[in-house]
Amino acid sequence: MTVRTRFAPSPTGYLHVGGARTALFSWLYARKHGGTFILRIEDTDLERSTAESVDAILQGMTWLGLEYDEGPFYQTHRFPRYKEVIQQMLKEGQAYHCYCSKERLEQLRAEQMARKEKPRYDGKCRHGVPNPPPGVAPVVRFKNPLDGAVVVEDLIRGRVTFQNSELDDLIIARGDGSPTYNFTVVVDDMDMKITHVIRGDDHLNNTPRQMNMLKALGFTPPVYAHVPMILGPDGARLSKRHGAVSVMQYRDDGYLPEALLNYLARLGWSHGDQEVFSIDEMIKLFDVTKVHSSAAAFNPEKLTWLNQHYIKNNDPQHVAHHLSYHLGRHGVDPAAGGPDLVEVVKAQRERAKTLAEMANNSVFFYKDFASYDPKDAASHLKPEAEKPLKELRERLTALPLWEAQEIHEAVTAVAEALGLKLGKIAQPLRVAVAGRAISPPIDVTLMLVGREKTLERLDAALEYIRKQPVTA
RNA sequence: GCUCCCAUCGUCUAGUGGCCUAGGACGCUGGCCUCUCACGCCGGUAACAGGGGUUCGAAUCCCCUUGGGAGCGCCA
């Protein structure tokens with residue numbers, strides 16, 4: 001039997017990290033077993049579904065690299081099929097028309113709540129309605145078994161038993177004939193021959209109903225795995241007020257997709273003490289069976305640590321590709337001139353936790369800065385820096401080769417000649433060239449900035465120093 | 001309220017009856033390295049929710065309590 005998994009988001013917003021995690025788990029499961037991963041858009045809620053959300057979800061999946069083998073299938077395109085199955089169930093007596101008004105249902109619920117009972121449909125129309133009230137468009141309800149139990153052998157939760165007496169006859173088609181969620185899921189999982197349903201555990205309580213319908217339709221239910229939800233750092237359900245929950249927000253904040261994937265996989269799951277997993281390792285080692293059954297809190301610091309790890313250790317070429325997107329947001333096109341981006345990545349990779357940070361710290365390689373960092377200029381571009389900088393300017397101008405090694409020698413030579421510590425000269429130089437006291441090693445920095453720009457900025461700094469009012 | 005689920009450092013986790021004076025990682029923190037910022041390296045901090053059992057022996061098995069979560073829609 002070929003494994004077939006699916007990710008079935010409803011397009012009512014962006015792809016959030018919780019959805020990304022269940023998508024990842026489904027994808028991993030399919031890849032691990034040489035199966036098929038299907039994307040299905042559950043857009044039956046016409047009110048809330050939007051085309052923009054579909055795009056956002058697709059974009060998120062693409063950025064993460066979770067490519068699907070089939071789909072996207074849209075439930076709104078499948079209404080004829082749902083109608084067909086509803087007719088069939090009606091004909092076979094597995095479903096029935098219910099004429100109860102919303103008012104009666106509401107009252108019923110209120111009464112049951114008042115009696116401290118679990119609110120549920122009382123089955124009034126289950127055995128037929130002799131005189132249907134005129135003008136009422138009936139809904140269709142599934143005839144749930146009255147007794148017995150449904151046992152879910154959940155890959156993560158283990159055996160979970162539900163008594164049928166706890167379940168009521170759910171509505172599978174609305175008054176206007178449109179199918180409801182729990183029903184479309186059943187038909188789709190059946191038609192798409194889904195073998196493993198990996199989804200959020202908010203669906204665990206829906207599972208027995210879905211299994212009952214599947215059985216009524218003569219289909220063997222798939223294997224289920226309900227993954228616990230993600231909590232915010234404060235232990236409450238992860239939501240917007242915790243900050244970034246959208247996958248694309250993480251891209252814009254400077255995270256690498258593999259870092260997010262690694263973090264998400266490791267959240268609620270582990271393989272011994274291993275923290276870092278390449279995609280291939282995840283496919284090989286990930287075991288949905290070993291996912292914790294308790295909810296896990298999202299820890300942004302650890303994600304950031306992983307991101308830093310990947311920035312530092314991934315192929316610089318790959319990092320550069322993602323970095324150029326962030327430089328673009330600063331109005332810089334690294335392909336249009338300036339130092340080789342890959343070299344910039346190599347110089348910066350150990351000093352950035354995110355690509356947004358790296359981009360921010362790298363624009364000076366490509367673009368002149370408008371002003372110095374005030375504090376750094378005040379502490380380093382002082383009169384006493386004038387002499388070493390002038391001296392340095394001469395040596396740099398005379399350098400036969402513009403290489404880090406030569407530059408380094410020139411800088412140390414000036415320091416020695418003037419009896420200064422390296423920092424006394426490297427820092428003013430750094431501020432002159434980078435605009436502030438933070439940059440890669442000074443020789444590498446100058447090398448990347450280039451001789452022409454370096455001398456230009458050195459002159460500007462000298463000029464700046466001369467223009468400062470002479471104070472103590 | 002009812003049904004279902006969950007419970008090891010602040011967080012993610014290892015642990016499946018003796019290897020546990022509970023291990024790793026993030027974070028925080030002391031130190032080293034150092035031209036800045038960092039990286040790196042060495043060290044420290046901190047947990048089995050509580051109570052009963054079972055057992056020679058329990059973080060590991062059972063029960064209760066407490067605490068948390070989800071579901072109970074003509075939403076998905």
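Let us look at the structure shown here. (Residues numbered from 1 in each chain as written. Chains lettered and ligands numbered in written order. Predicted model: local features only at pLDDT ≥ 70, side-chain atom pairs only at ≥ 80, totals over all residues. Heavy atoms only, no water.)

Quick word on the sheet that holds strand 5 (residues 139-142)
Going by this rule: When DSSP finds two or more bridges between two strands, those strands count as paired. Runs of H or I in DSSP of at least four residues are treated as helices and runs of E of at least two as strands, each being numbered from the N terminus. Here an axis means a line fitted to C-alpha atoms, over the contact stretch when the element is a helix, while the angle between two N-to-C directions is reported on a 0 to 180 degree scale.
With antiparallel pairing, the 3 strands of this open sheet are ordered in space as 4-5-8. Two strands bound the open sheet, and with one partner strand each, they are strand 4 (95-98) and strand 8 (171-173). Adjacent strand axes in the sheet meet at a mean angle of 45 degrees, parallel and antiparallel pairs treated alike. Bridge count between strand 5 and strand 8: 2 bridges; the pairing is antiparallel. Note on strand 8: the bridge partner recorded for Arg-141 is Ile-171.

Here we look at the protein's contact with RNA strand B
Worth spelling out the cut-off: One heavy atom suffices: a residue is near a molecule or strand as soon as one of its heavy atoms comes within 4 Å of it. Think of a polar contact as two N or O atoms within 3.5 Å of one another; within protein, one of them needs to be a possible hydrogen donor and the other a possible acceptor, and neighboring residues in sequence only count if both atoms come from side chains. Charged residues are taken to be Asp, Glu, Lys and Arg, nonpolar residues to be Ala, Val, Leu, Ile, Met, Phe, Trp, Tyr, Cys and Pro, and polar residues to be all remaining types, Gly included.
The local shell around RNA strand B holds 64 residues, among which Arg-157, Arg-174, Gly-268, Glu-350 and Arg-351 are the closest. In RNA strand B, atoms within 4 Å of the protein come 69% from sugar and phosphate. Contact distances for RNA strand B include 3.0 Å between a base nitrogen and a side-chain N or O atom of Asp-273. Of the residues assigned to the surface near RNA strand B, the class counts are 21 nonpolar, 19 polar and 24 charged.

Overview of the layout of surface pockets
To find the voids left in a structure, one rolls a probe of water-molecule size over its atoms. So the rule is basically this: Each cavity reported here is a set of points on a 1 Å grid over the protein atoms alone in which a 1.4 Å probe fits but cannot get out, each pocket an open set with protein on both sides within 12 Å along at least five of seven lines, and each lining residue one with an atom within 4 Å of a point. Grid points are joined across faces, edges and corners, and a volume is the space filled by probe spheres set on the points.
The space that makes up the largest pocket amounts to roughly 1,200 Å³. Lining the largest pocket are 38 residues, and of these Ser-10, His-16, Gly-19, Asp-202 and Arg-237 sit closest to its centre. When residues of the lining of the largest pocket are traced back to their parent elements, those giving at least two are strand 1 (4-7), helix 1 (17-32), helix 5 (181-191) and strand 9 (196-200). If you tally residues by element for the lining of the largest pocket, the top one is helix 1, at 4 residues.

Comments concerning unusual backbone geometry
The omega angle of the peptide bond from Gly-71 to Pro-72 is 0 degrees, so this bond is cis rather than trans. Non-glycine residue Lys-116 carries a positive phi angle of around 60 degrees. Locating Lys-116 in the fold gives a position in the loop between helix 4 (102-114) and strand 5. Non-glycine residue Lys-193 carries a positive phi angle of around 55 degrees. Within the element layout of this structure, Lys-193 appears in the loop between helix 5 and strand 9.

A look at the packing of aromatic side chains
Keep this limit in mind: For Phe, Tyr and Trp, where Trp contributes only its six-membered ring, two rings pair if their centres lie within 6.5 Å, and the inter-plane angle classes them as stacked under 30 degrees, edge-to-face over 60, or tilted in between. Partly exposed describes any residue whose relative accessible area lies between the buried limit of under 20% and the exposed limit of over 50%, with all areas from a 1.4 Å probe on protein chains only and scaled to the type maximum. In this scheme, the term charge over a ring applies when either NZ of a lysine or CZ of an arginine sits within 6 Å of the ring centre and within 35 degrees of the ring normal.
What the rule picks out here adds up to 10 aromatic pairs. Look at Phe-25 and Phe-286: their rings are 4.6 Å apart centre to centre, the planes differ by 35 degrees, and that puts the pair in the tilted class. Highlighted residues: Phe-25 in helix 1 and Phe-286 in the loop between helix 9 (279-285) and strand 12 (296-297), separated in sequence by 261 residues. When sorted by exposure, Phe-25 lands in the same class as Phe-286, which is buried. Members of the aromatic cluster, each reached through a chain of ring pairs, are Phe-25, Trp-269, Phe-277 and Phe-286. The ring of Tyr-121 has Arg-141 lying over it, and the distance from NZ or CZ to the ring centre is 3.5 Å.

So, the side chain of Thr-180
We apply this condition: Contact definition: two residues touch when any of their heavy atoms are within 4.5 Å.
For Thr-180, the location among the structural elements is in the loop between strand 8 and helix 5. Residues in contact with Thr-180, not counting those within four places in the same chain, are Ile-171, Ile-172, Ala-173 and Arg-174.

Notes on empty space enclosed by the protein
Following the criterion strictly, the structure yields 1 cavity of 30 Å³ or more and no others. Lining of the largest cavity is provided by Gln-348, Arg-351, Asn-361, Phe-364, Arg-436, Ile-438 and Ser-439. When its residues are assigned to classes, the lining of the largest cavity shows 2 nonpolar, 3 polar and 2 charged.

A word on helix 11 (residues 316-328)
In an α-helix there are 3.6 residues to a turn, and that puts residues three or four apart on one side. Defined as follows: The length a helix should cover is 1.5 Å for every residue beyond the first. We define the bend at each residue as the angle formed by axes fitted to the 7 residues ending at it and the 7 residues starting at it.
Given a rise of 1.5 Å per residue, 13 residues ought to cover 18 Å, and the 18 Å separating the end C-alpha atoms of helix 11 matches this to within 8%. Where helix 11 bends most, at His-322, the angle is about 25 degrees. Those residues of helix 11 not exposed but buried are Pro-316, Val-319, Ala-320, His-322, Leu-323, His-326 and Leu-327. Taken together, the buried residues of helix 11 touch helix 2 (51-64), helix 7 (247-252), helix 8 (257-266), helix 10 (300-313), helix 12 (341-348) and helix 13 (355-360).

Observations concerning the packing of helix 17 (residues 422-434) against helix 19 (residues 451-467)
We apply this condition: Angles are sorted into four bins: roughly parallel if under 35 degrees, roughly antiparallel if over 145, roughly perpendicular if 65 to 115, and oblique for all others.
Relative orientation of the contacting elements helix 17 and helix 19 amounts to 110 degrees, with a least axis distance of 8 Å. In terms of orientation, helix 17 and helix 19 fall into the roughly perpendicular class. Contacts between helix 17 and helix 19 involve Leu-429, Ala-432 and Val-433 on the former and, on the latter, Thr-454, Arg-457, Leu-458 and Ala-461. Class assignment for the residues of the contact of helix 17 with helix 19 results in 5 nonpolar, 1 polar and 1 charged.

Digging into the nonpolar core
Rule in force here: Among buried residues, the Ala, Val, Leu, Ile, Met, Phe, Trp, Tyr and Cys ones that are joined through side-chain atoms within 4.5 Å form a nonpolar core.
Judged by nonpolar contacts, the single largest core of 102 residues is most densely connected at Leu-24, Met-61, Leu-64, Leu-260, Phe-298, Leu-396 and Leu-429. In terms of residues, this core owes the most to one element, helix 1, which gives 9 residues. With residues up to four places along the chain from it excluded, the contact list for Phe-298 reads Val-17, Ile-230, Leu-231, Gly-232, Pro-233, Leu-238, Tyr-250, Tyr-263, Leu-264, Leu-267 and Leu-303. Formed by 30 residues, the second largest nonpolar core is a distinct cluster that contains Tyr-82, Val-160, Phe-162 and Tyr-224.

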